[in-house]
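Coordinate analysis (summary)
Here are the chains, one letter per residue:
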Amino acid sequence: MNGAVVGTPQLAAVLTVAVPTFRRPREVARAVAAVRAQLGDVVPRYVSRAEVLVVDNDPAGSARGAVEALMEAVPTPGDRPGSTRYVVEPRPGVAAVRNRALEEAKDSDLLVFIDDDETPEPSWLESLLGLRASTGCQAVAGPVVPDYEVEPDAWVVAGEFFVRRTWPTGTVRPVAASNCLLLDLRFVREEGLVFDEAFGATGGEDTLFTRQLTDCGGVIRWCDEARVRDHVPASRLDHQWILRRQRSHAATGVRVALARAGTGLHAGIRGRALLGGALRVGAGGLRMAVGLLPGQLQHAAKGARLVARGQGMVGASLGRRTHEEYGRS
């Protein structure tokens, strides 16, 4: 299939918006309510039917009560009986949850992912579907904007740790995150794409998945109007937590490259990651030294970021265990 062909496709019949969750009942209720409020904007303009699917990775079903309370509440515009579903996926890991969403959406034509700690801005869902309808692309991704619980300190702001890159609407991207992502399920099924559960505890399953989607000829387009707000709790503003995540993300990037490559190419990938990581550690250390001077906080923060990412690359090149951000304690 040639995913680069652009045109106005036949409107999809059914849309599923999946919200993975793990022990965040209050947050997932907020996300689901906000998504449900936008269903009326897209039915029947873009789809004939839409549903919200909550996939709870807690075997105890800790989010069930919060979701069922919403299901019993007065319907929001565009909502209808049965348009919100709740399932439990007992296998641990974010990849297992996303694969369960693919399974549950077997009768749908489009699948949208949004995280449980996010809320969509107005016209989010309409913008995703509109760009897909006008271009015929196989995936659409949008920006995630931080919404802090408490004001971050100067070091966090200077390091821009929660600032994500954006591009003009319509830009073709080689990869995308799954916390604001629309997928053409017909293409996904034709190509046999699933999320690799080896990345379930560490994250990075979405990076590998979307890389594989474009490897198959699928097109991912950026939609700058499809914005979601990421609610950042105070606990995630801790410097050690931030640097640990930087190490983890860099290590995962190396693991994704290894997963995409043939076995014969692994030595070269590991060697480049080892060298690149070591160079980053050295350059970051020098920048941190500059950051010790008065008024150079940005160098201190971004130097620490570079060191952490270099450490992650070195560790992954040597096969060291990656921090399991999504591991179940």
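Below, the structure is looked at part by part.

Cut-offs applied
Residues numbered from 1 in each chain as written. Predicted model: local features only at pLDDT ≥ 70, side-chain atom pairs only at ≥ 80, totals over all residues. Heavy atoms only, no water. Pairing = 2+ DSSP bridges. Helix = DSSP H or I, 4+ residues; strand = E, 2+ residues; numbered from the N terminus. Axes fitted to C-alpha atoms, helices over the stretch in contact; angles between N-to-C directions. Contact = heavy atoms within 4.5 Å. Core = buried A, V, L, I, M, F, W, Y, C linked by side-chain atoms within 4.5 Å. Buried < 20%, exposed > 50% of the residue type's maximum accessible area, 1.4 Å probe, protein only. Salt bridge = Lys/Arg side-chain N within 4 Å of Asp/Glu carboxyl O. Parallel < 35°, antiparallel > 145°, perpendicular 65-115°, else oblique. Left-handed = near helix turned anticlockwise from the far one by under 90°. Nonpolar A, V, L, I, M, F, W, Y, C, P; charged D, E, K, R; others polar.

**Some details on the sheet that holds strand β11 (residues 228-232)**
Pairing within the open sheet is mixed, and its three strands lie in the order β5-β11-β7. Whereas interior strands pair on both sides, the edge strands pair on one side only; in this sheet they are β5 (118-120) and β7 (144-148). Direction aside, the axes of adjacent strands within the sheet are offset by 30° on average. In terms of strand pairing, β7 meets β11 through five bridges, oriented parallel. Within β11, the residue paired with D147 across the bridge is H231. Lying over the sheet, helix α1 (residues 25-36) contacts β5 and β11, oriented at roughly 10° with respect to β5.

**Describing the nonpolar core**
Ranked by internal contacts, the top residues of the largest apolar core, which has 39 residues, are L15, V17, V112, W124, L125 and L129. With six residues, helix α5 (residues 124-135) is the largest single contributor of residues to this core. Excluding anything up to four places from it in sequence, L125 contacts L15, V17, Q38, L39, V42 and V112. One finds A101, A139, L193 and W222 within the second-largest nonpolar core, a separate group that totals 26 residues.

**Concerning the pattern of salt bridges**
With the rule as written, the count across this model stands at 23 salt bridges. R98 is paired through a salt bridge with D115; the nearest N and O atoms lie 3.5 Å apart. On the criterion of sequence distance, the pair formed by R98 in helix α4 (residues 94-104) and D115 in the loop between β4 (110-114) and β5 is long-range, its members being 17 residues apart. R98 sits in the buried class, given a relative accessible area of 4%. Each of the salt bridges in this network shares a partner with another, and the network as a whole consists of E51, R85, E89, R91, R100, E104 and E197.

**A word on the packing of α1 against helix α3 (residues 64-72)**
For any two helices packed against each other, the geometry comes down to the angle between their axes and how far apart the axes lie. α3 packs onto α1 with a crossing angle of 30° between their chain directions and a minimal axis gap of 8 Å. With respect to α3, the axis of α1 lies roughly parallel. Handedness of the crossing formed by α1 with α3: right-handed. Two secondary-structure elements touch here, α1 through P25, V28, A29, V32, A33 and R36 and α3 through A66, V67, L70 and M71. Looking at the contact of α1 with α3 residue by residue, the classes come out as nine nonpolar, no polar and one charged.

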